[in-house]
Each structure stands twice: as structure tokens, then as C-alpha cells.
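Structural features, examined
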Amino acid sequence: MNKSCDLVVDLSEVTSADLSRVGGKALSLARVAASGARVPPGVCITTAAYTRYLDLTGIRERLPFLLGRKAFSEMRWEELWDLALRVRNLFVRTPLPDALAEELRKALATRFGWIPVTVRSSAPAEDSSTASFAGLHDSFVNVCGPTAILDKMRLVWASLWSDRALLYRQELGLDPSDSSMAVLIQELIIGRCSGVAFSRCPGRPHLAVIEAVWGLNQGLVDGDVEPDRILFDRLDKIIERHAPQREQACRPVVGGVALQSLSADERGTSPLTDADAARVFSLLRQAEAHFGAPQDMEWTERDGDLFILQSRPITAAGTAAEGDERSWYLSLHKSLATLRNLRRTIEDELLPAMEQDAQRLAAVNLTSLEDEALAAEIQRRSGLLDAWEARYREVCIPMAHGIRLFGQLYNDRLRPEDPFAFLDVLTGDEGLLAVQRNQALQALAEQVRRDPVLADQLRDGCAPAPDTPFARSLRQFTIRFGGLSWVMGTAEDEAQALITLVLEMAKSTPPRHSSDRQAREADYLAAFAPEDHSLARDVLDIGRASYRLRDNDNLFIGKLSARLREAYDEAERRLAQREIAVLAELIAPEKMRVARRTTANPLSFQQPAALPGSRQQARQLVGQPAGPGLAQGRAHVIRRPEDLRTLKSGDILVCDAVDPNMTFVVPLAGGIVERRGGMLIHGAIIAREYGIACVTGVPHAIDLIHSGDRVTVDGYLGLVTIEAHAPGERPAG
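Every chain is numbered on its own, with residues counted from 1 as its sequence reads. pLDDT decides what is reported in this predicted model: residues at 70 or higher carry local features, side-chain atom pairs at 80 or more are listed and counted, and totals for whole chains, interfaces and linings draw on all residues regardless. As a convention, hydrogens and water are excluded, and side-chain values are obtained from all of the structure's heavy atoms.

**Considering the overall build of the protein chain**
Secondary structure elements follow DSSP: runs of H or I of four or more residues count as helices, runs of E of two or more count as strands, with numbering from the N terminus. Tallying secondary structure elements over the protein chain gives 24 helices and 21 strands in all. For the protein chain, with 733 residues in total, the buried portion stands at 56%. In what follows, residue pairs with any heavy atoms lying within 4.5 Å of each other are defined as contacts. Restricting to contacts in the protein chain with at least 6 residues of sequence separation, those with at least 24 account for 70%. Note on areas: Shrake-Rupley with a 1.4 Å probe; residue coverage comes only from the protein chains shown. Roughly 30500 Å² of accessible area belongs to the protein chain as shown, and the carbon and sulfur atoms make up 51% of that amount. Only protein chains enter the calculation, and the probe is 1.4 Å; a residue is then buried if its accessible area is under 20% of its type maximum, exposed if over 50%, and partly exposed in between.

Laid out in C-alpha cells, this is it:
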């Protein structure tokens, strides 16, 4: 291989002068190899290939359009999800130009033939002393043949724009448009065991640590295989060993890697003896001395030979700064195996336990409690809600990654023009509690439509007779789904709050979006070879469970919030009659807390006159297309929970975010506009279920749009046009 080639350079020929074209990972490995350590032989496809691809295909011109819908610094993680998915699909659907593909294919065929290789990222900014980008870009293991390598190379390029990488660049203040990517291709070393080693153990920087698993490193990196941990002191002595319950190893299979069960011997034996661990530790020290800094090293062992797969400086040995949730966010990327475990935990343990707690709280007669006992009950309910919300964050939010896992597989195989076409395979889930709740409300509305006498009685404020079918249906609804008055910020009884809502719903019959779910599922499965159908079905199953649970678990949390609100209401009733110090000191903060889920973002009320990122042209606001369709109507802005009570059929719902607990008003809406962005947020999901036009990610939506404005929502293009302002309202900004 000739070094003068600007597209491909052999790892043995890389020098420090090549950093900008081979990236940090390739340069580090070249330096390690030059020092005498063993690294898998390979080549680097330079950043020149990435640059040529962007220029020749026109992607460079299209990226600013995707990035420009909202200021990059203002994007939340759901919006980064969306952006990453759109960019990835752009790379997946755009083939290499013929001349570029031919040049690379020749070089790869000559160098590797059909030898299995790894395809890994090596961005110029990667693995530096100030920014490691560890785990942010994609890698692929056991890839065979030039065509497959080039396919994976484009995915590695696309991972430069992954949500993880975008978030990292956002926090570092880096412009993703200025980034580039080289790709490292190395022969696959099928290790007997593999692992990572840190010169400074996270959380115990005075020690070094080695983690080891049987087989390939992928299982450890993905979090599917728990490693043995061996800790060394500064005298190079093993001081601790931690053995997990060893069950599986990641091994090569046709077309990639897979988790396989360990043999009985492997289960009972550490992958590293003390002597082996000392050899890995010595290699770590060697890398540390060579680079003059503590190292984070990946290694593998085959037939007694140790190979360094990667060595990079440790950029942060301590804990994250206060408020920095990047580590938590990065941890949300879960493998299929981990997602299966999360699903079992949520469905079999968490949701039943939350339901039991909600029922226990509902059985407490609050009016019979003494003041001190009521205060204690409020604290008990608040503490319980705290505990469940912590559990929700730990288990339920990571489960949402299943939607993306399915979406990525779908897009890689079907390569659809719409990167969110996979959602049509997920919609129409009858297990979605929000939809079941809305169906029950529609059934109540239907009773009102068919009985004009009943409708007149209800409109006149007369309660339905206790033994009538309508009264029984009301009670059944409340028992099954809980009350709605707390969501709508009203202290009126549950029956009256429901009746008000049902009367409005009875004015029209919202069409339910009919998704040809089965046909789309068949199209999806047809994209896989018969031997891959099992995997395809498993990922689809997890995707559907994730889609369903993402909404359902919030409604269970909502039931607990309602119980806290009930206790608060009882305290407030007593405080209206007399002073009670023990209750008064609890009320103010709890009132804010219970109401937070449907209250608009307080920051929205503090925006300056200049609104960076909104990019409106005249009266047109730009967001993300989240629910296909066109809708025109009167805007109804939700600033506080009680605003939900005045939403009229056909209104355009404008809000900070559609909380899962307020999705019962969605069937009334002609369209939805949200400040929060993303195709996977609750508002977008429920809008798709009803075929309602939806635009998300509109900066300062509730400030720029006023209740009464006449607006058009274009859910295809992500545009909201203010056709006419409400009387007395002036355009914002």
C-alpha cells in the first residue's frame, strides 16, 4: 500500500503528521505498534474519502437544512435522537459514487480479501487528551468482503452524527459541521478472552483496574456481559478480585457477532489468571509510559499473545460535574438482551407494584385523618412518588431505546425515504393505555350523543341518576384509569370533571387513524433472509413493547401523582377553614410539584424579545414534522393545567409538551404544536395514533402563538403558519 494514496494508508505507515487524515484512534495504535506492542494489522481509510463522499453526493449541502431547523445549542436529547436518525438514513440511502467506491474496493480487496475485519471510527478529534469520544461512534466486528466493509464504513461516517456524538459536541461547544471521520479497518483477532484496563480505576483513582470477559470485547462494551474485575495497587500487586456470575460470551457468527453460553469450565473460571492479569497490567503500564498519561486500553488475548485494540488517554477520572447528565444519557443505549431484561422488570415487577401502591393509597380515607396524620400521609405519598420516579428514570427511560433499536434495523434493511416510516409498524397498538382510555371516553361520549335527554341534563349541571348506564360507566372509568381532575387543575369532583370533557367530546367523532400494521410488518420481514427472521421478530417485539411502555408507565406514575394530589386537596380544604401550621408548611411546594407535569416550561415565560433559533419567516414558524397531515383551526395555548378544561373540539393544541397524563384531550385536537421536539415524544406518538397533524420542536411556541390565533399546521414539512391573530393580540417578537 502506497503512503501517497490519499484515501487509504497502512497502519504501519502512519506518522504523527497524519492526525488530521487518519484520526486519533489510528494514530494512537500506530504509535503503540511502533513501540513494539502488538496491534491487529490494518489500514485507515482517511478523512479524504469522507470529504469526497460528502462533496460528490451533495450531502454536505443537505446537512445544514437538517441542522438548521433549530439552534443546535437549544436541542434537547429527543431532538438529537431525531436529527441523528435523519442523518443516518441520509448516509444509508446515499451510495458511494462509483469512482470512489471502485478505488476503495480495489484497495480493500487487495489488502484483506475475505478475511474477517473490524470497522471502527477514528475521528481527528477522537482519543485526544481533552475529548475522548469514547463509545460515541459506531464500530462493527466480523465484517467480510469489500462491499460489506464499505457499507459499514458509511455507517461509521454517519455515527459522526449520532445523538451521542452530537450531544458530546454540543457540550463541548463544537460545530458538528466542522467534524470529519476516518475509518480504521483491522484484521479481526478472535480472542480467547478480552477486556479493558484503566490506569486509574473510575471512582478509585489510586488503583488500576482490569476488566476481563471470555470471547470478544463487544459483549463487555455493550454491557451484555459482566466482567471479572481485577484491581492493582501502585506497587503492581493484585489487591482485589471480583467475580460475576459468568454466563455468556460474545463470539463471531456469520454476518457479525452473537452472545453464546459459556461452557461449564468457563463459567467457573476467571478469564485471567493472576499471571495473565499481570501481563495485561504490564502492557497497560507500557502504553501509559509511551503516551506519558493514564490510559484507557482495550485488549484481547489469542493463543497466549496479547493485542492492544485501542489505547486512549483518560480524560475524566473523577465524577461528572453537577448537572452533567451526559454519562447517564450515554448509558441509555441498550442492547437487545438488556432491553429484554428491562421489559420483564417493567411488566412483571414495576407496573404491578405501582398499581398496588396506588390502590393502597386510594383506600385511605383522608377525611377521617387528624391533621398530623394527614401531614404524615402527604409526606408518605410524596416520598413514594419520589422513589417511583427514581425507579422510572433507572429502568423505564432506558427501555425507550427499544424504539430506536428497531428503527435503526428497519432503516438499515428497508432504506426508506422517510426515516420514521418504521413508526407505522409500531402504531395501532391496542395495548397502549392512553388509547384505551380515550376509547373509553369516546364510549361515554357516544352514550351522550345517542341520548339527547341525558345530554340536556348534563349540560344543565344535573348529575346522572346513580343506577343509569352512563353513571355506571363513569364510575368504571374512574376505577380503571383514575381521575382526570388533578390533570386539569380543578378541585371539582371527578364525575363533574369527566362530564365536562365528555360533553365536549360528544360534539364530534374523531376519526381513528387506520394503520395497515400487518402489511407493514410483512414488508419489514420480507427484507430479511429466512434465517434472520427470528432476530427481526425479536427486535420488532422489543420495539413494540418499548413504544407501548413509553406511554403506559407514565400513566401508572400518574395514578400515584393523583393520590398525592388528593391528599393535597384535603389539606387545602381544611386550610380554607382554619390555620393549621403542620399542613400549611407542606402545601406550597407540593402544589407546584403535583402540577408540574402539565405546566408549561417556566423558562418560556422569560424569553427575551429576540428569539434565537425560531427562524420564523413573517408568521411562519419552523419545527420538526412529527405527525403527517394538514390542519387549520383556532389555537388553544396550554400554559397551566386548567387551560385543558377549555379546549374545544377542532382547536389546535399548542403547548410546551404533551404529557402522557393529558393525552385524553388529544382526540379533541385538530392539530398539535409543541415546543419540545422529536418524533418519539409522547405528543408525536399519540398524534400518530389518531392521524393528527403534529409539529414539534417549535421554539417558544406558547409565546409566539396566542389562544384564538388562526393557525395552519403542516405536519409534512414541520411548519406552523399564523394566518390571523386573535383580536387584541399583537405578533410576538
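**As for the sheet that holds strand β8 (residues 228-232)**
Reading across the sheet, the 6 strands line up as β9-β8-β7-β6-β12-β13 and stay open at both edges, with antiparallel pairing between neighbours. The open sheet has two edge strands with one neighbour each: β9 (238-242) and β13 (305-313). When the angles between neighbouring strand axes are averaged without regard to direction, this sheet yields 20°. Against the sheet, helix α10 (residues 274-291) makes contact with β6 (193-198), β7 (208-214), β8, β9, β12 (295-302) and β13, and its axis sits at roughly 135° relative to β12, the strand it touches most. At least two bridges found by DSSP between two strands are what make those strands a pair. For helices, the fitted axis covers only the stretch in contact; all axes are lines through C-alpha atoms, and the angles between them, taken along N-to-C directions, range from 0 to 180 degrees.

**Quick look at the environment of leucine 433**
Counting through the fold element by element, leucine 433 comes out in helix α16 (residues 433-450). The sequence separation of leucine 433 and phenylalanine 481 amounts to 48 residues, and the corresponding C-alpha distance is 8.7 Å. Not counting chain neighbours up to four residues away, the residues in contact with leucine 433 comprise Phe481, Asn552, Leu555 and Phe556.

**With respect to the packing of aromatic side chains**
Geometry of aromatic contacts follows a simple scheme: Phe, Tyr and Trp rings, the Trp one being its six-membered ring, pair when their centres are within 6.5 Å, and the pair is stacked under 30 degrees between planes, edge-to-face over 60, tilted otherwise. The tally for this structure, following the rule as stated, stands at 12 aromatic pairs. Between phenylalanine 232 and phenylalanine 281, the ring centres sit 4.2 Å apart and the planes meet at 5°, which makes this aromatic pair stacked. With phenylalanine 232 in strand β8 and phenylalanine 281 in helix α10, this residue pair connects regions lying 49 residues apart in the sequence. Judged by centre distance (5.8 Å) and plane angle (55°), the rings of phenylalanine 406 and tyrosine 410 are tilted. Of this pair, phenylalanine 406 and tyrosine 410 both sit in helix α14 (residues 401-414), separated by 4 residues, roughly a single helical turn. What makes phenylalanine 406 buried here is its relative accessible area of 0%. A relative accessible area of 5% means that tyrosine 410 is categorised as buried. Among the aromatic residues, ring-to-ring pairing joins Phe406, Tyr410, Phe420, Phe422, Tyr524 and Phe528 into one connected group.

**Notes on the pattern of salt bridges**
One speaks of a salt bridge when a side-chain nitrogen belonging to Lys or Arg is within 4 Å of a carboxyl oxygen belonging to Asp or Glu. Scanning the model with the defined rule gives 52 salt bridges in all. For aspartate 163, the salt bridge identified is with arginine 404, shortest N-O distance 2.9 Å. Highlighted residues: aspartate 163 in helix α7 (residues 163-172) and arginine 404 in helix α14, separated in sequence by 241 residues. As far as the burial class goes, aspartate 163 and arginine 404 line up, both buried. Among the salt bridges present, the one from arginine 241 reaches aspartate 274, with a minimum N-O distance of 3.0 Å. You can see arginine 241 sitting in strand β9 and its partner aspartate 274 sitting in helix α10, a full 33 residues away along the chain. Residue classification places aspartate 274 among the partly exposed positions, given a relative accessible area of 46%. Taken together, the shared-partner salt bridges in this structure form one network comprising Arg343, Glu347, Asp429, Asp541 and Arg548.

**Describing the sheet that holds strand β17 (residues 652-655)**
In space, the 8 strands of this open sheet follow the order β14-β21-β20-β16-β17-β18-β19-β15, with mixed pairing throughout. Whereas interior strands pair on both sides, the edge strands pair on one side only; in this sheet they are β14 (620-622) and β15 (624-627). Taken pair by pair, the neighbouring strands of this sheet meet at an average axis angle of 30°, ignoring direction.

**Topic: the packing of helix α4 (residues 77-93) against α7**
Where α4 contacts α7, the two axes come as close as 8 Å, and the packing angle between them is 125°. If you check the angle between α4 and α7, you find them oblique. Between α4 and α7 lies a crossing of right-handed hand. In this structure, α4 contributes Leu80, Trp81, Leu83 and Ala84 to the contact, and α7 contributes Asp163, Leu166, Leu167 and Gln170. Convention used here: angles under 35 degrees read as roughly parallel, angles over 145 as roughly antiparallel, angles from 65 to 115 as roughly perpendicular, and any remaining angle as oblique. Two helices that cross are described as forming a left-handed crossing if the nearer one is turned anticlockwise from the farther one by less than a right angle, and a right-handed crossing if clockwise.

**A closer look at the pairing of β8**
Extensive coverage of β8 is indicated by the burial of 4 of its 5 residues. Where β7 meets β8, 5 bridges bridge the pair, whose relative direction is antiparallel. Paired with isoleucine 210 across the strands is isoleucine 230, a residue of β8. Where β8 meets β9, 4 bridges bridge the pair, whose relative direction is antiparallel. Across the sheet, residue arginine 229 finds its bridge partner in β9, namely histidine 242. Where β8 folds back on β9, the antiparallel hairpin that results is connected by 5 residues, among which aspartate 236 adopts a positive phi of roughly 65°.

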